[in-house]
Amino acid sequence: DHKISKDSPGTAPGSEPWIYQGKPGVKVEDYDVVVVGCGLSGALIARRFAVEQKKKVLIVEKRNHIGGNCYDYIDEETGILMNMYGAHLFHTNSQRVYDYVMQFGKWTRWEHQVVGLIDNQFCPIPPNITTVNMLCDAGIKTVEEMDKWLDKTQIKYDEIKNGEQMAKSRVGPVLYEKIFKHYTYKQWKKYPEDLDKSVLARIPCRNNFDTRYFGDKYQILPTDGYTKFFVELLKHELIDVHLNTDFFKLKSSIKKGTTVVYTGPVDYYFADKGFEKLEYRSINFHIERYMNYGFYQPNSVVNYPGKEVDFTRIVEYKHFLNQQTPHTVIVKETTTDKGDPYYPVLNERNMGLFKKYKELADQEKDVYFVGRLANYKYFNMDQAILNALEYFDEHFTNKEGLQKEKYEFVSDSI
């Protein structure tokens, strides 16, 4: 039940094809580059083509807005800035990524914190010393004591074969049961034992009292919202953006030799090949508004890792950037097999199937598959940006011997 204010930028007024940016009457064959999808990967690559190579770029987006899953808007009833596709917290250790995004709009330092309602108490997530003391009555006071506790509780395997073993090797059986087991099922409709070990390979557990969700050097939010960031990113005379537009209806009109950058699901592109579909998890968002209510919960995000309720978390958006309003909006999130693709389900079946799609993608001439959906991979926002920057370096510039940046990936999948 999204109620989008007319003041929200980057949004088509209806469901008909709509030119957000550019002039009417321009034909597809008049463009040097066609980019499919107006999320992070597509928008960033479009800008680099326009700025650095003076190429005329058309972005086609099937949704009615710019920004991909980062899209946010002003709620008409409460005036609260909120995300349409779940809370997005920007964090990175990459200097290149940080320097790039800082060119577009204002950003505000924001250190995200999450709690989980576990055993009827709000515990810090990711688990830290306080969490362990609350759930296990451990009485831990120092980092050294926490390290000893972890070493004692972690299960040692000769070979880790699945997600359950991976999780228990990192946090032990008690935290696994209370925090990760049922939450994972609600997220994936599979218990960890049925998921690839990589899915739970980076679940964090702190050995100190740090309550921040991320440990990255840079933790920021766009001061005026992500959509305004995209408005600035796309602002260029050589970039046209068409919303509510189906690429596959235009595909036959694209002249031979035109560069196509495809950021959608790779199996959608090859739907006519007769392969099975790749499996994704999607999210349903259940919006509730409370007028003259104050705050609904103590944090912006409260996780519900137990099996008592079917939702994974509740997000209360007015916490973000300390929005001043007497009202509030909460969003309960449940995952589903149907709807927009969010998370690739990384098991043997899907990873084997993706290899077949990857072989087809590699054979396509003048078509470049970029981003999380095209590569059947989950990217944090900073990873999507760095991947797009480095992909452009590698495939669309003449620079040789470029070094890819290496930095510690921090999961935000809990």
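Structural notes, computed from the coordinates. This is a predicted model, so every value here is computed, not measured.

Cut-off values and rules
Residues numbered from 1 in each chain as written. Predicted model: local features only at pLDDT ≥ 70, side-chain atom pairs only at ≥ 80, totals over all residues. Heavy atoms only, no water. Core = buried A, V, L, I, M, F, W, Y, C linked by side-chain atoms within 4.5 Å. Buried < 20%, exposed > 50% of the residue type's maximum accessible area, 1.4 Å probe, protein only. Helix = DSSP H or I, 4+ residues; strand = E, 2+ residues; numbered from the N terminus. Contact = heavy atoms within 4.5 Å. Polar contact = N/O pair within 3.5 Å; in protein donor to acceptor, adjacent residues only side chain to side chain. Arc of directions from axis to C-beta. Salt bridge = Lys/Arg side-chain N within 4 Å of Asp/Glu carboxyl O. 1 Å grid on protein atoms, 1.4 Å probe; cavity = no way out; pocket = protein on both sides within 12 Å on 5 of 7 lines; lining within 4 Å. Points joined across faces, edges and corners; volume = space filled by probe spheres on them. Nonpolar A, V, L, I, M, F, W, Y, C, P; charged D, E, K, R; others polar. Axes fitted to C-alpha atoms, helices over the stretch in contact; angles between N-to-C directions. Parallel < 35°, antiparallel > 145°, perpendicular 65-115°, else oblique.

1. Some words on the nonpolar core
What tends to happen in soluble globular proteins is that the nonpolar side chains get buried as a cluster.
Thought 1: By size, the foremost hydrophobic cluster in this structure holds 117 residues, and its most contacted members are Ile 59, Phe 90, Phe 320 and Phe 369.
Thought 2: It is helix α10 (residues 381-396) that provides the largest number of residues to this core, a total of 9 residues.
Thought 3: Excluding residues that lie within four positions of it along the chain, Ile 59 makes contacts with Val 35, Gly 37, Cys 38, Gly 42, Ala 43, Ala 46, Leu 234, Ile 239, Asp 240, Val 241 and His 242.
Thought 4: Residues Val 115, Val 302, Tyr 304 and Phe 311 belong to the second largest nonpolar core, which totals 6 residues.

2. Some points on the environment of Thr 397
Thought 1: Checked against the element boundaries, Thr 397 lands in the segment after α10.
Thought 2: With relative accessibility at 16%, the residue Thr 397 sits in the buried group.
Thought 3: C-alpha separation for the pair Thr 397 and Gln 53, spaced 344 residues apart in sequence, amounts to 9.1 Å.
Thought 4: Of note is the side chain of Thr 397, whose polar atom sits 2.4 Å from the backbone oxygen of Asp 393.

3. Section: helix α4 (residues 143-153)
Thought 1: Three or more residues of α4 are buried, namely Met 146, Trp 149, Leu 150 and Thr 153. Buried residues of α4, seen end-on, are gathered within an arc of 95 degrees and therefore sit on one face of the element. Along α4, exposed side chains directed more than 90 degrees from the buried face belong to Glu 144, Lys 148 and Lys 152.
Thought 2: Of the surrounding elements, those touching the buried residues of α4 are α3 (129-136) and α5 (163-188).

4. Side note on the pattern of salt bridges
Thought 1: Enumeration according to the criterion identifies 23 salt bridges in this entry.
Thought 2: Two residues, Asp 340 and Arg 63, come together in a salt bridge whose shortest N-O distance is 2.9 Å. Remark: Arg 63 occurs in the loop between β3 (57-60) and β4 (72-74) and Asp 340 occurs in the loop between β16 (328-336) and β17 (343-344); sequence separation between them is 277 residues.
Thought 3: You can call Asp 340 partly exposed: its relative accessible area is 28%.
Thought 4: What makes Arg 63 buried here is its relative accessible area of 16%.
Thought 5: In this structure, the salt-bridge partner of Arg 289 is Asp 75, at a minimum N-O distance of 2.9 Å. One end of the pair, Arg 289, is in strand β13 (residues 280-290); the other, Asp 75, is in the loop between β4 and β5 (81-83), with 214 residues separating them in the sequence.

5. What to know about empty space enclosed by the protein
Vacant regions in the atomic arrangement are exposed by a probe of water-molecule size rolled over the atoms.
Thought 1: One pass over the full model with this rule turns up 4 cavities of 30 Å³ or more.
Thought 2: Estimated volume of the largest cavity: approximately 120 Å³.
Thought 3: Around the largest cavity sit 13 residues that line it, and Asp 72, Leu 81, Asn 83, Leu 221 and Phe 320 are the ones nearest its centre.
Thought 4: Taken together, the elements giving at least two residues each to the lining of the largest cavity come down to β5 and β10 (218-222).
Thought 5: Across the lining of the largest cavity, the residue classes tally to 8 nonpolar, 4 polar and 1 charged.

6. Considering the packing of α3 against α5
Thought 1: The interhelical angle for the contact between α3 and α5, taken along N-to-C directions, is 95 degrees, at an axis separation of 11 Å. When the interaxial angle is binned, α3 and α5 end up roughly perpendicular. Note on element contacts: α5 touches α3 through Val 174, Leu 175, Lys 178 and Ile 179, opposite Thr 131, Val 132, Leu 135 and Cys 136.
Thought 2: Here the residues of the contact of α3 with α5 are counted per class, giving 6 nonpolar, 1 polar and 1 charged.

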